Amino acid sequence: MTVTLEASDGVGTIRLDRPPMNALDVATQDRLRELAEEATRREDVRAVVLYGGEKVFAAGADIKEMQAMDHTAMVVRSKALQDAFTAVARIPKPVVAAVTGYALGGGCELALCADFRIAADNAKLGQPEILLGLIPGAGGTQRLARLVGPSRAKDLIFTGRHVRADEALAIGLVDRVVPAAEVYEQARAWAAALAKGPALALRAAKEAVDAGLETDIDTGLTIERNWFAGLFATEDRERGMRSFVEDGPGKAKFL
(Lines give C-alpha, C1' and ligand atoms only; values in the text may rest on other atoms or scores of the structure.)
Protein backbone atom coordinates (compact mmCIF):
# COMPACT_ATOMS: atom_id res chain seq x y z
CA MET A 1 0.00 0.00 0.00
CA THR A 2 1.25 3.49 -0.82
CA VAL A 3 -0.61 4.97 2.15
CA THR A 4 -1.40 3.28 5.46
CA LEU A 5 -3.34 4.10 8.61
CA GLU A 6 -2.24 2.78 11.98
CA ALA A 7 -3.83 3.75 15.28
CA SER A 8 -2.73 3.49 18.90
CA ASP A 9 -3.70 5.37 22.06
CA GLY A 10 -6.21 7.48 20.17
CA VAL A 11 -3.75 8.71 17.53
CA GLY A 12 -4.00 7.58 13.92
CA THR A 13 -0.94 7.97 11.69
CA ILE A 14 -1.62 8.31 7.99
CA ARG A 15 1.73 7.34 6.51
CA LEU A 16 2.79 7.95 2.92
CA ASP A 17 5.01 5.09 1.77
CA ARG A 18 5.92 5.35 -1.89
CA PRO A 19 9.73 5.47 -2.06
CA PRO A 20 11.87 7.23 -2.84
CA MET A 21 10.02 10.59 -2.78
CA ASN A 22 6.39 9.72 -1.94
CA ALA A 23 5.24 11.01 -5.32
CA LEU A 24 1.47 11.39 -5.23
CA ASP A 25 0.24 9.32 -8.16
CA VAL A 26 -3.44 8.60 -8.81
CA ALA A 27 -3.45 5.41 -6.73
CA THR A 28 -1.86 7.24 -3.79
CA GLN A 29 -4.36 10.09 -4.05
CA ASP A 30 -7.30 7.67 -4.04
CA ARG A 31 -5.87 5.70 -1.13
CA LEU A 32 -5.33 8.92 0.80
CA ARG A 33 -9.00 9.80 0.40
CA GLU A 34 -10.08 6.33 1.55
CA LEU A 35 -7.96 6.49 4.68
CA ALA A 36 -9.00 10.05 5.50
CA GLU A 37 -12.61 8.88 5.38
CA GLU A 38 -11.70 5.85 7.51
CA ALA A 39 -9.97 8.06 10.09
CA THR A 40 -13.11 10.20 10.17
CA ARG A 41 -15.29 7.17 10.94
CA ARG A 42 -13.11 5.31 13.42
CA GLU A 43 -13.87 5.95 17.09
CA ASP A 44 -10.40 4.75 18.13
CA VAL A 45 -8.87 7.61 16.09
CA ARG A 46 -9.30 10.87 17.98
CA ALA A 47 -6.43 12.80 16.37
CA VAL A 48 -4.34 12.26 13.24
CA VAL A 49 -0.69 12.63 12.20
CA LEU A 50 0.22 12.98 8.51
CA TYR A 51 3.71 11.58 7.97
CA GLY A 52 5.91 10.68 5.02
CA GLY A 53 8.77 9.05 6.87
CA GLU A 54 12.14 10.21 8.14
CA LYS A 55 13.52 11.49 4.83
CA VAL A 56 10.70 13.12 2.88
CA PHE A 57 7.10 14.18 3.39
CA ALA A 58 6.05 14.22 -0.28
CA ALA A 59 7.91 15.74 -3.19
CA GLY A 60 4.80 16.35 -5.29
CA ALA A 61 2.77 14.69 -8.00
CA ASP A 62 3.96 11.87 -10.21
CA ILE A 63 5.06 14.03 -13.15
CA LYS A 64 5.54 11.13 -15.56
CA GLU A 65 1.98 10.00 -14.90
CA MET A 66 0.65 13.54 -15.33
CA GLN A 67 2.61 14.09 -18.54
CA ALA A 68 0.64 11.29 -20.17
CA MET A 69 -2.70 12.98 -19.39
CA ASP A 70 -4.39 15.28 -21.86
CA HIS A 71 -6.92 17.99 -21.15
CA THR A 72 -9.88 15.62 -21.21
CA ALA A 73 -8.23 13.22 -18.77
CA MET A 74 -7.36 16.00 -16.34
CA VAL A 75 -10.85 17.50 -16.48
CA VAL A 76 -12.02 14.15 -15.13
CA ARG A 77 -9.12 13.61 -12.72
CA SER A 78 -8.79 17.08 -11.19
CA LYS A 79 -12.00 16.75 -9.18
CA ALA A 80 -10.88 13.43 -7.70
CA LEU A 81 -7.50 15.00 -6.90
CA GLN A 82 -9.10 17.86 -4.99
CA ASP A 83 -11.57 15.52 -3.31
CA ALA A 84 -8.71 13.43 -1.90
CA PHE A 85 -7.09 16.43 -0.27
CA THR A 86 -10.41 17.88 0.88
CA ALA A 87 -11.17 14.57 2.61
CA VAL A 88 -8.02 15.11 4.68
CA ALA A 89 -8.86 18.75 5.39
CA ARG A 90 -12.33 17.75 6.56
CA ILE A 91 -11.32 15.07 9.02
CA PRO A 92 -13.36 16.37 11.99
CA LYS A 93 -10.52 15.74 14.43
CA PRO A 94 -7.21 17.49 15.13
CA VAL A 95 -4.71 16.80 12.33
CA VAL A 96 -0.99 17.59 12.45
CA ALA A 97 1.47 17.25 9.58
CA ALA A 98 4.94 15.98 10.48
CA VAL A 99 7.02 17.47 7.65
CA THR A 100 10.44 16.05 6.91
CA GLY A 101 12.60 16.82 3.89
CA TYR A 102 10.66 17.98 0.86
CA ALA A 103 7.01 19.01 0.93
CA LEU A 104 6.60 20.34 -2.60
CA GLY A 105 3.62 20.75 -4.91
CA GLY A 106 1.04 18.22 -3.81
CA GLY A 107 3.15 17.51 -0.73
CA CYS A 108 2.89 21.12 0.37
CA GLU A 109 -0.82 21.10 -0.45
CA LEU A 110 -1.26 18.01 1.72
CA ALA A 111 0.49 19.71 4.64
CA LEU A 112 -1.85 22.67 4.16
CA CYS A 113 -4.78 20.34 4.86
CA ALA A 114 -3.58 19.84 8.45
CA ASP A 115 -4.57 22.02 11.40
CA PHE A 116 -0.97 22.32 12.58
CA ARG A 117 2.39 21.76 10.88
CA ILE A 118 5.60 20.67 12.60
CA ALA A 119 8.59 20.84 10.27
CA ALA A 120 12.11 19.46 10.44
CA ASP A 121 14.87 22.04 10.49
CA ASN A 122 16.00 20.71 7.10
CA ALA A 123 12.52 20.80 5.52
CA LYS A 124 11.82 22.60 2.25
CA LEU A 125 8.30 23.56 1.20
CA GLY A 126 6.95 25.13 -1.95
CA GLN A 127 4.51 25.19 -4.85
CA PRO A 128 6.74 24.74 -7.93
CA GLU A 129 3.93 23.96 -10.38
CA ILE A 130 4.58 27.22 -12.27
CA LEU A 131 7.89 25.73 -13.44
CA LEU A 132 5.85 23.09 -15.28
CA GLY A 133 3.59 25.68 -16.87
CA LEU A 134 0.85 24.89 -14.35
CA ILE A 135 -0.67 26.17 -11.13
CA PRO A 136 -1.36 24.21 -7.94
CA GLY A 137 -4.38 21.98 -8.47
CA ALA A 138 -4.97 20.26 -5.12
CA GLY A 139 -6.01 23.35 -3.16
CA GLY A 140 -2.74 25.27 -3.08
CA THR A 141 -4.04 28.54 -4.51
CA GLN A 142 -6.83 28.56 -1.94
CA ARG A 143 -5.44 27.07 1.28
CA LEU A 144 -2.02 28.71 0.98
CA ALA A 145 -3.51 32.17 0.49
CA ARG A 146 -5.81 31.70 3.46
CA LEU A 147 -2.91 30.59 5.63
CA VAL A 148 -0.12 33.04 4.77
CA GLY A 149 -2.04 35.80 2.99
CA PRO A 150 -2.46 36.50 -0.72
CA SER A 151 0.82 38.38 -1.30
CA ARG A 152 3.03 35.70 0.23
CA ALA A 153 1.03 32.97 -1.48
CA LYS A 154 1.46 34.68 -4.85
CA ASP A 155 5.20 35.03 -4.24
CA LEU A 156 5.53 31.28 -3.69
CA ILE A 157 3.14 30.31 -6.48
CA PHE A 158 4.43 32.82 -9.08
CA THR A 159 8.12 31.97 -8.53
CA GLY A 160 7.86 28.29 -7.64
CA ARG A 161 10.70 28.79 -5.17
CA HIS A 162 11.40 26.49 -2.24
CA VAL A 163 11.03 27.85 1.30
CA ARG A 164 13.39 26.64 4.01
CA ALA A 165 12.03 25.77 7.43
CA ASP A 166 13.06 29.04 9.08
CA GLU A 167 11.31 31.17 6.46
CA ALA A 168 8.29 28.86 6.49
CA LEU A 169 8.01 29.48 10.22
CA ALA A 170 8.41 33.23 9.80
CA ILE A 171 5.58 33.52 7.26
CA GLY A 172 3.25 31.13 9.09
CA LEU A 173 3.49 28.27 6.62
CA VAL A 174 4.57 25.98 9.45
CA ASP A 175 3.91 26.34 13.17
CA ARG A 176 6.98 24.78 14.74
CA VAL A 177 10.48 23.84 13.60
CA VAL A 178 12.32 21.06 15.42
CA PRO A 179 15.37 18.86 14.80
CA ALA A 180 14.69 16.35 12.04
CA ALA A 181 14.95 13.37 14.38
CA GLU A 182 12.16 14.76 16.59
CA VAL A 183 9.52 15.63 13.99
CA TYR A 184 7.31 12.57 14.27
CA GLU A 185 7.75 12.31 18.03
CA GLN A 186 6.65 15.90 18.58
CA ALA A 187 3.79 15.63 16.08
CA ARG A 188 2.53 12.52 17.80
CA ALA A 189 2.82 14.15 21.22
CA TRP A 190 0.73 17.11 19.99
CA ALA A 191 -1.91 14.75 18.59
CA ALA A 192 -1.87 12.49 21.67
CA ALA A 193 -2.51 15.41 24.02
CA LEU A 194 -5.55 16.46 22.00
CA ALA A 195 -6.75 12.86 21.64
CA LYS A 196 -7.43 12.95 25.39
CA GLY A 197 -9.62 16.02 25.04
CA PRO A 198 -13.39 16.36 24.50
CA ALA A 199 -13.95 14.95 21.02
CA LEU A 200 -17.20 16.76 20.26
CA ALA A 201 -15.90 20.13 21.44
CA LEU A 202 -12.75 19.71 19.37
CA ARG A 203 -14.85 18.81 16.35
CA ALA A 204 -17.05 21.86 16.95
CA ALA A 205 -14.04 24.14 17.32
CA LYS A 206 -12.48 22.89 14.09
CA GLU A 207 -15.68 23.17 12.08
CA ALA A 208 -16.51 26.61 13.50
CA VAL A 209 -13.08 28.00 12.60
CA ASP A 210 -12.93 26.39 9.16
CA ALA A 211 -16.50 27.20 8.17
CA GLY A 212 -16.22 30.70 9.59
CA LEU A 213 -13.22 31.45 7.39
CA GLU A 214 -15.33 30.74 4.34
CA THR A 215 -18.04 33.26 5.13
CA ASP A 216 -18.78 36.70 6.56
CA ILE A 217 -18.37 37.55 10.26
CA ASP A 218 -22.08 37.49 11.09
CA THR A 219 -22.57 34.06 9.56
CA GLY A 220 -19.43 32.88 11.30
CA LEU A 221 -20.74 34.08 14.65
CA THR A 222 -23.98 32.21 14.00
CA ILE A 223 -22.03 29.03 13.32
CA GLU A 224 -20.08 29.54 16.54
CA ARG A 225 -23.22 30.27 18.57
CA ASN A 226 -24.99 27.16 17.31
CA TRP A 227 -22.05 24.91 18.12
CA PHE A 228 -21.53 26.58 21.51
CA ALA A 229 -25.14 26.08 22.55
CA GLY A 230 -25.24 22.55 21.13
CA LEU A 231 -22.33 21.42 23.27
CA PHE A 232 -24.44 22.03 26.37
CA ALA A 233 -26.24 18.80 25.43
CA THR A 234 -23.07 16.69 25.66
CA GLU A 235 -21.67 14.54 28.41
CA ASP A 236 -18.25 16.09 27.83
CA ARG A 237 -19.61 19.52 28.78
CA GLU A 238 -21.16 18.10 31.95
CA ARG A 239 -17.94 16.30 32.81
CA GLY A 240 -15.75 19.32 32.13
CA MET A 241 -17.83 21.76 34.16
CA ARG A 242 -18.32 19.34 37.05
CA SER A 243 -14.58 18.74 37.24
CA PHE A 244 -13.89 22.48 37.15
CA VAL A 245 -16.26 23.16 40.05
CA GLU A 246 -15.16 20.19 42.15
CA ASP A 247 -11.44 19.89 41.35
CA GLY A 248 -10.36 23.13 39.69
CA PRO A 249 -9.46 23.97 36.08
CA GLY A 250 -7.69 21.65 33.68
CA LYS A 251 -8.27 18.36 35.53
CA ALA A 252 -11.23 16.90 33.62
CA LYS A 253 -10.79 13.48 32.04
CA PHE A 254 -12.85 12.92 28.91
CA LEU A 255 -13.97 9.60 27.47
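Above this text you will find the structure in question.
In what follows, the accompanying structure is described. (Residues numbered from 1 in each chain as written. Predicted model: local features only at pLDDT ≥ 70, side-chain atom pairs only at ≥ 80, totals over all residues. Heavy atoms only, no water.)

Some thoughts on the sheet that holds strand β5 (residues 102-104)
Taking strand neighbours across the sheet as the criterion, the three strands line up as β5-β7-β8 in an open arrangement whose pairing is mixed. Looking at strand neighbours, the two that pair on one side only are β5 and β8 (162-164), the edges of this open sheet. Averaged over all adjacent pairs, the angle separating strand axes in this sheet is 20°, with direction ignored. Where strand β7 (residues 124-126) and β8 come together, three bridges link them in antiparallel fashion. (Pairing = 2+ DSSP bridges. Helix = DSSP H or I, 4+ residues; strand = E, 2+ residues; numbered from the N terminus. Axes fitted to C-alpha atoms, helices over the stretch in contact; angles between N-to-C directions.)

A short note on the environment of Asp166
Relative to the assigned elements, Asp166 resides in helix α7 (residues 165-171). When the C-alpha positions of Asp166 and Val177 are compared, they lie 7.3 Å apart, and in sequence the two are eleven residues distant.

Brief notes about the pairing of strand β3 (residues 47-51)
When you tally the buried positions in β3, you get five out of five residues, the bulk of the element. Every second residue of β3 is oriented toward a common face, with Ala47, Val49 and Tyr51 on one face and Val48 and Leu50 on the other, all of them buried. Note that strand β2 (residues 11-16) and β3 share five bridges and pair parallel. Paired with Ile14 across the two strands is Leu50, which belongs to β3. With helix α1 (residues 26-41) bridging β2 and its parallel neighbour β3, the resulting β-α-β unit is right-handed. Sheet topology note: the β3/strand β4 (residues 95-99) ladder contains four bridges and is parallel. Its bridge partner being in β4, Tyr51 is matched across the sheet by Ala98. (Buried < 20%, exposed > 50% of the residue type's maximum accessible area, 1.4 Å probe, protein only. Right-handed = clockwise from strand over helix to strand, strands pointing away.)

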